[in-house]
Amino acid sequence: MLEKEGKPDHPKTDSIMKKILIIDDDQILLETATDILREQGYEVLQADNGKSGIEIAMKFLPDLILCDVMMPGIDGYQVHSQLQSGLATNQIPFIFMTAKASKEEIRFGMDSGADDYVTKPIDFKQLQRVINIRLAKYDYTIKRNESTYQALFEMDHEAIIIMRPSDGIIVDANQAGMDILGYSKHELLGMTIFSILRDYPDPEDFLMNDETDVHKSFRTREGAFKHRNNHLIPVQISGTNFEIQGEKLFFIIARNLTDLKEKEQALRDSDERYRNLVENTGEGLGVVDAEEVFIYANAAACEIFGLSPEQLIGKSLLSFIDPITSDEIKHQTDLRKEGQKSMYELEILRLDGERRWIVVTATPQYDGAGKFISAFGIFRDITQRKLAEIKVRESEKRLREIVDMTNDWIWEISPTWKYLYVSPKVFEILGYQPEELIGKSPFEFMVMEDVAISMVEVRTLVHQYKPLNAIENRARHKNGQLVYLETSGIPVFDEKGVYLGYRGADRDITIRKQNEREIIIAKEKAEESDRLKSSILANISHELRTPLNGILGFSEILKEELGDSEYMSMIENIHNSGKRLMATLNSIITLSQLEAGKLHVSMRETLISASIVSVVKSMGSLASEKNILMETSDVMPFTVITDDQLFKQLLRQILDNSIKFTDNGTITVETFSEISSGCPFVVTKVSDTGIGIEKDYFDLIFQEFRQVSEGFGRKYQGSGIGLTISKKIIDLLSGFITVESEPGKGSAFSIWLPYKPHNDNKSEIYPPDSSVLQVKTVSRDGEALPLILLVEDNIVNKELTELFLQPLFIVDHAPNGIIAIEKAKSKQYAAALMDINLGPGLTGLDVTRELRGLPGYAHIPIIAVTGYAMAEDQEKIVAAGCSNHIAKPFDRKSLINMLEDELKKSGAQSE
């Protein structure tokens, strides 16, 4: 035994001891090699002959084999050859040990596939090196093979499951297997094949209870896998036993049959649909034999022939037709015997006496020898079409009669735009006989001035095959008289879609055109009258507002100055008379704007409780003058979509009416919600204790300039248009007004506005409206008074404005536009009050535009002070550059408040 020098080179192993099989009949060498290799850390297996070595190798699958060449019985070359043929042993490193060291022997051994060759006597250090090299190479080969196997295993699109046949435990599965079952690999490993297998005929196929069982396998048996979600997946299974490193395993390949099963079901469904289609189709399908006897008919065919399937099968087709037609059918049968298909119309007489027309499409059928045995027929019932053709012929007759009777001239025109047909009516319209127009173009009969325009219009439509819809043109009668025509037509195509021309009619509209000219003349006169009316109203508005400004303004100042003077009553009468005149003027202008449709409506969400409070406060003084108590009761915070300004004007008219016709007592305003005709409304109810109204007069009071008390002896004053305006405004707001009244007890007018309730029930506190005016508290302590430029040509309004603005402002007056512009160039004004009508020369709008172009005047307040108070006037004023406008007549409070507001805005802008 060789001495050990230093530490032995132990084999590099992972965690498993390497097994080495030594096959040699030399017992001394066998034992010596075994001891040395075991000391090196190897597990050693021994065999003293070739046959025993082969058995041990196939059973234990060693990691390396050392084999003597010369042995009795089976020599080393034979051992190597048999192990090379084994699937489990052909990769094991094989090293020959022999005393034969000739080159021929070594080449023979290496050519047979051995991994190496060592000679006797054995150099165990060399043997150790050879073993280490071959084991390392074998490990690399094994790992590479395992990697290749693993890649193929995982990439296979079929499900692969590996289990132990002894107990059915799953030991491995590829990704496809996990996908088909819905489990992760961690969840799947350790489960049994029987926990996932369903509907399989023989589960024992997967088990091998006795280790002596022979190798077995099976192919393409169907079953089902149970998915993790408990639904079943149909699969086709193949399986086989195999062995890895002495362990017996079962290899299962499963193919998902879901798509195949679905296709099979789809095919069955398709067959069923086909059968249903054949049986339930609207067309008759049947088969007749060579003698025209029915051997099959679907339900539709039975309905056509008026018999049940049992009655029709066995009955001849010829029994439904007359003898003449029978000869034609026999001829068709002869054609089918020759292999020809045929299609023909057939009139049949059913047993119930009803006649029907059918179209038959027949196809010959042959047996395997090519002999004609039957015909497959499709029977299409065309009875309705035949009846329709009869109706069409009758309709064509009626149409010809109508064409002859109509007042229109009917025509047909070719694609080249030449007359093909002209009805006789053309003679009455143009004085020509129909034949005089055939072959000629309609443009030949038009007025020359119209030809070019008409050709362009007509050709544009014709090129797109569009209808001619009431195209007006002028033609000349044969006697030279001018005739107005209205031409209409549609394109005509044949059954193949080929364009054939147009078909249409011409109507004589000469009288209508004359009437239209008269209407246009009347319309122009009406528009001119409307413009004149608007101009008159604008002038009346200006001419009345300007003097009224002086009357109301100076009377207001006198009231403040005179106090309890004996003239106070006269001053109040002057002031009230002016206000009454102003109210009448406003009502007339509002009515005219309503009738002309010029009143702008701006619908938006409006809190009407705030609007009601505003109007009631603003009219409280009028009620107080008559010692009437005006109050609100249960005014709820409703928000409706309406025009706030129009609603306020409407409420003022109603309240003004109540004040006028109530001598004492109370006027109450309340709100509530109500349903009318299934729709929600918000109702604003104004109740008074006035004179009341007879029910018969409810409609009259809403008419223009009408009152219950009329004539020279009427008791109450007024223009009689307040409620008329109310009615027109409520129509614009999509609401309505109702009246409740009893003579001597008072009246109640209710304003109904559409209401869309909010989902939330928030209650809000509503601020007072800005239209309830109080003079703003203005403090000028320690400040210079604002310098105001007053541009006014009317001396009365000039003096009034100066009195109103003292002592809060310094007023510099300019009587016309030229002086105003010069003053503005020489000094800086804080604001300007601009009259619009300044007499001859520049208007107030011209002056405003000039001022806006001067340095320092781009943002100062310019307030238009004007008697032009109509909506279109106000739009022009704002467009010209005015910051705001105040209509004449105005009171001191309104003027001062507007000036202060505009100065505050301009100050914010300058900052």
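Reading guide: rules and limits
- Residues numbered from 1 in each chain as written.
- Predicted model: local features only at pLDDT ≥ 70, side-chain atom pairs only at ≥ 80, totals over all residues.
- Heavy atoms only, no water.
- Helix = DSSP H or I, 4+ residues; strand = E, 2+ residues; numbered from the N terminus.
- Expected span 1.5 Å × (residues − 1).
- Contact = heavy atoms within 4.5 Å.
- Pairing = 2+ DSSP bridges.
- Axes fitted to C-alpha atoms, helices over the stretch in contact; angles between N-to-C directions.
- Phe/Tyr/Trp six-rings, centres within 6.5 Å; stacked < 30°, edge-to-face > 60°.
- 1 Å grid on protein atoms, 1.4 Å probe; cavity = no way out; pocket = protein on both sides within 12 Å on 5 of 7 lines; lining within 4 Å.
- Points joined across faces, edges and corners; volume = space filled by probe spheres on them.
- Nonpolar A, V, L, I, M, F, W, Y, C, P; charged D, E, K, R; others polar.
- Buried < 20%, exposed > 50% of the residue type's maximum accessible area, 1.4 Å probe, protein only.
- Salt bridge = Lys/Arg side-chain N within 4 Å of Asp/Glu carboxyl O.
- Core = buried A, V, L, I, M, F, W, Y, C linked by side-chain atoms within 4.5 Å.
- Parallel < 35°, antiparallel > 145°, perpendicular 65-115°, else oblique.
- Left-handed = near helix turned anticlockwise from the far one by under 90°.

**Student:** Could you give me a rundown of helix 11 (residues 323-337), with the residues and numbers involved?
**Tutor:** Spanning 15 residues, helix 11 covers 21 Å between terminal C-alpha atoms, matching the ideal 21 Å at 1.5 Å per step. On its buried side, helix 11 packs onto strand 14 (342-349), strand 15 (355-366) and strand 16 (372-381). Just past helix 11, the residue Gly-339 takes up positive phi, approximately 95°.

**Student:** For the sheet that holds strand 1 (residues 19-23), give the residues involved together with the corresponding values.
**Tutor:** Two pairing modes exist for strands in a sheet, parallel and antiparallel, and in both the strands are linked by backbone hydrogen bonds. Spatially, 2-1-3-4-5 is the arrangement adopted by the five strands of the open sheet, whose pairing is parallel. Edge positions in the sheet fall to strand 2 (43-47) and strand 5 (116-119), since each has one partner strand and no second. For this sheet, the mean angle separating the axes of adjacent strands, direction not counted, is 20°. Summarising the sheet, strand 1 and strand 3 (residues 64-68) pair through four bridges and their orientation is parallel. Paired with Ile-20 across the bridge in strand 3 is Leu-64.

**Student:** Quick rundown of the packing of aromatic side chains? Include the residues and the values.
**Tutor:** The geometry of an aromatic ring pair comes down to the distance between the two centres and the angle between the two planes. The tally for this structure, following the rule as stated, stands at 20 aromatic pairs. Seen in terms of ring centroids, Phe-493 and Tyr-499 are 6.0 Å apart; in terms of plane orientation they differ by 55°. Their pairing is tilted.

**Student:** So what's going on with empty space enclosed by the protein? Residues and values would help.
**Tutor:** Empty space left among the atoms is revealed by rolling a probe the size of a water molecule over them. One pass over the full model with this rule turns up three cavities of 30 Å³ or more. Every residue lining the largest cavity is counted, 19 residues in all, and those nearest its centre are Pro-442, Met-446, Asn-473, Thr-487 and Asp-506. Those elements that provide at least two residues to the lining of the largest cavity are strand 17 (409-413), helix 15 (448-463), strand 19 (468-476) and strand 20 (482-493). Looking at the lining of the largest cavity, the element that brings in the most residues is strand 19, giving four residues. Residues belonging to the lining of the largest cavity are distributed by class as follows: 15 nonpolar, three polar and one charged. Every residue lining the second largest cavity is counted, 13 residues in all, and those nearest its centre are Val-288, Leu-317, Val-360, Gly-377 and Phe-379. Where the lining of the second largest cavity is concerned, the elements lending two or more residues are strand 12 (284-289), strand 15 and strand 16. Sort the elements by how many residues they give to the lining of the second largest cavity and strand 16 lands first, with four residues. Class assignment of the residues belonging to the lining of the second largest cavity gives a composition of nine nonpolar, two polar and two charged.

**Student:** Requested: an account of the pairing of strand 26 (residues 679-688), with residues and values cited.
**Tutor:** Burial of strand 26 is extensive: seven of the ten residues sit out of reach of the surface. In this structure, strand 25 (residues 665-676) lies alongside strand 26, joined through ten bridges in antiparallel fashion. Directly across from Glu-674, in strand 26, lies its bridge partner Phe-681. Here strand 25 hands over to strand 26 after two residues, with Ser-677 in that stretch at a positive phi of 55°. The pairing of strand 26 with strand 28 (residues 746-754) spans seven bridges and is antiparallel. What sits directly across from Lys-685, in strand 28, is Ser-750.

**Student:** Any chance you could break down the pattern of salt bridges for me, citing the residues and the numbers?
**Tutor:** Scanning the entire structure with this criterion turns up 39 salt bridges. The salt bridge involving Glu-158 is made with Arg-255; its shortest N-O contact spans 3.0 Å. One end of the pair, Glu-158, is in the loop between helix 5 (124-155) and strand 6 (159-163); the other, Arg-255, is in strand 11 (residues 247-256), and 97 residues separate them in sequence. A relative accessible area of 12% means that Glu-158 is categorised as buried. A relative accessible area of 44% places Arg-255 in the partly exposed class.

**Student:** Lay out the nonpolar core in plain terms, naming residues and giving numbers.
**Tutor:** Of all hydrophobic cores here, the largest spans 33 residues; its most connected members are Leu-655 and Ile-751. Of all the secondary-structure elements, those providing two or more residues to this core are helix 18 (608-618), strand 23 (628-632), helix 20 (644-660), strand 25, strand 26, helix 21 (722-732), strand 27 (736-742) and strand 28. Looking at this core element by element, the count peaks at seven residues for helix 20. In this view, Ile-751 contacts Phe-647, Leu-650, Leu-651, Ile-654, Val-682, Val-683, Thr-684, Ile-730 and Phe-736; residues no more than four positions away in its chain are not counted. Core analysis: the next-biggest nonpolar cluster, separate from the first, contains 25 residues, Val-426, Ile-429, Phe-443 and Leu-468 among them.

**Student:** Can you tell me about the packing of helix 18 against helix 20, naming the residues and giving the values?
**Tutor:** Across the interface, helix 18 lies against helix 20 with an axial gap of 10 Å and an inter-helix angle of 45°. Looking at the two axes, helix 18 sits oblique to helix 20. For the pair helix 18 and helix 20, the sense of crossing is right-handed. Taken together, the residues of helix 20 that come into contact with helix 18 (itself represented by Ile-608, Ser-611, Ile-612, Ser-614, Val-615, Val-616 and Ser-618) are Asp-644, Phe-647, Lys-648, Leu-651, Arg-652 and Leu-655.

**Student:** So, the packing of helix 2 (residues 50-60) against helix 3 (residues 76-85): which residues are in play, and what are the values?
**Tutor:** Where helix 2 meets helix 3, the closest approach of the two axes is 9 Å, and the angle between their N-to-C directions is 25°. Our classification of the angle between helix 2 and helix 3 gives roughly parallel. Where helix 2 crosses over helix 3, the two elements pack in a sense that is right-handed. Taken together, the residues of helix 3 that come into contact with helix 2 (itself represented by Gly-50, Ile-54, Ala-57 and Met-58) are Val-79, Gln-82 and Leu-83.

**Student:** Lay out unusual backbone geometry with the relevant residues and their values.
**Tutor:** With omega at -5°, the peptide bond leading from Lys-120 into Pro-121 counts as cis. Along the polypeptide, Pro-121 turns up in the loop between strand 5 and helix 5. Cis peptide bonds are those with omega within 30 degrees of zero, and the linkage from Gln-806 to Pro-807 qualifies with -5°. One non-glycine residue with positive phi stands out, namely Glu-292, at about 65°.

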